[in-house]
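# Geometric and topological summary
Here's the letter readout for the chains.
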Amino acid sequence: MVHQQRPEPRLSPSSDTEDMTDMAKLLAPRLAHFAAVARTEHVTRAALEAQVPQSTLSRAMVRLEQDLGVDLFARRGRTLSLTPAGRTFLASVERALAEIGRAADEVRADADPASGKVAFGFLHTMGAETVPGLIHEFRADHPRVRFSLVQNYGEAMLERLRAGELDLCLTSPVPDAPDLVARRLDEQRLRLVVPADHRLASRRRIRLAEAADEAFVTLEPGYGLRRITDAVCKEAGFKPRIAFEGEEAETLRGLVAAGLGVALLPPPAVPRPGVVELTVTAPRAVREIGVAWLDGHPDTPPVTAFKKFLLSKRGNLLP
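Residues numbered from 1 in each chain as written. Predicted model: local features only at pLDDT ≥ 70, side-chain atom pairs only at ≥ 80, totals over all residues. Heavy atoms only, no water.

### Examining the packing of aromatic side chains
Throughout the structure, instances matching the rule amount to eleven aromatic pairs. The interplanar angle of 20° and the centroid separation of 6.0 Å between the aromatic rings of phenylalanine 306 and phenylalanine 309 together place this pair among those described as stacked. Here phenylalanine 306 and its partner phenylalanine 309 are both found in helix H10 (residues 301-312), three residues apart, which amounts to about one turn of the helix. Like phenylalanine 306, the residue phenylalanine 309 is buried in the burial classification. (Phe/Tyr/Trp six-rings, centres within 6.5 Å; stacked < 30°, edge-to-face > 60°. Helix = DSSP H or I, 4+ residues; strand = E, 2+ residues; numbered from the N terminus. Buried < 20%, exposed > 50% of the residue type's maximum accessible area, 1.4 Å probe, protein only.)

### A short note on the pattern of salt bridges
Enumeration over the complete set of coordinates arrives at 21 salt bridges. Note that glutamate 187 is salt-bridged to arginine 284, the shortest N-O span being 2.3 Å. In this pair, glutamate 187 sits in strand E6 (residues 180-189) while arginine 284 sits in the loop between strand E12 (275-282) and strand E13 (286-294), placing the two residues 97 residues apart along the sequence. For the salt bridge of glutamate 214 with arginine 199, the shortest nitrogen-to-oxygen distance reads 2.9 Å. (Salt bridge = Lys/Arg side-chain N within 4 Å of Asp/Glu carboxyl O.)

### Some details on H10
The first and last C-alpha atoms of H10 sit 17 Å apart over twelve residues, in line with the 16 Å expected at 1.5 Å per residue. Taken together, the buried positions of H10 are occupied by Pro302, Val303, Phe306, Lys307, Phe309 and Leu310. Viewed end-on, H10 has its buried residues packed into an arc of 160°, placing them on one side of the element. Residues Lys308 and Ser312 are exposed on H10 and point more than 90 degrees away from its buried face. (Expected span 1.5 Å × (residues − 1). Arc of directions from axis to C-beta.)

Below you can see the structure in the form of structure tokens.
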């Protein structure tokens, strides 16, 4: 049977975007009902399957055809058969409903208290030892919780928090922003890292002002550790002369080992040959580590559990 084109769809918004949005709002509630009718080809049986009154289902199908502007069914009493347009539409509807079902299963799985997922961001310098140790300890009590891990610098992670791509992040400096909640967990002393053959390499401690004439290797502007380096050097009475900028602390250690400068860095997970790490006695050279999350963002049970665990590590976060 050849289907007939209806004169005009009922919707006539002013733009293509508005047209698609309004049409989707009208169609979405009716798709599952349409699929039930299409499968059974009988309004009464479909109404029983969908658990809705027969009259409601019949009106919904009429409105659906009016919204689309085409006949989806050929009617013979309460028995229906799909038109060619109806068969085309059914194939797409079934794919859409299957995708919605998969998405629903996925979000339910991610929120499961025992086996859900936590999207967790952290600084590169915490990836070798701190974060693996934290997750290992947490999973002793929550062995099936899954993690999506992201390593990045602080500002990039905060943007991903705001975008809803992360649940929690460990960052430094601890952010102070109205849309975020942040809690200080620990602090980490920074060391002046010098080449093994440097004039200061025989020292164990140093006042940072003694390195005022040195070339520094640092992270790029925008990184939290770079801001701390600039601020500590300023407090020591000088502006660091930057020779190289990088994106990762261990790369900076390699540059120091090659004799290309000195650096203020947190302790390494594993000692690096070719460098000596000096305790800075003045000014106080530390970076605060904190956990941050988006204010007002609802947490799933696994995120709540991991957040509580991290907060319990206050003062004892770092190895």
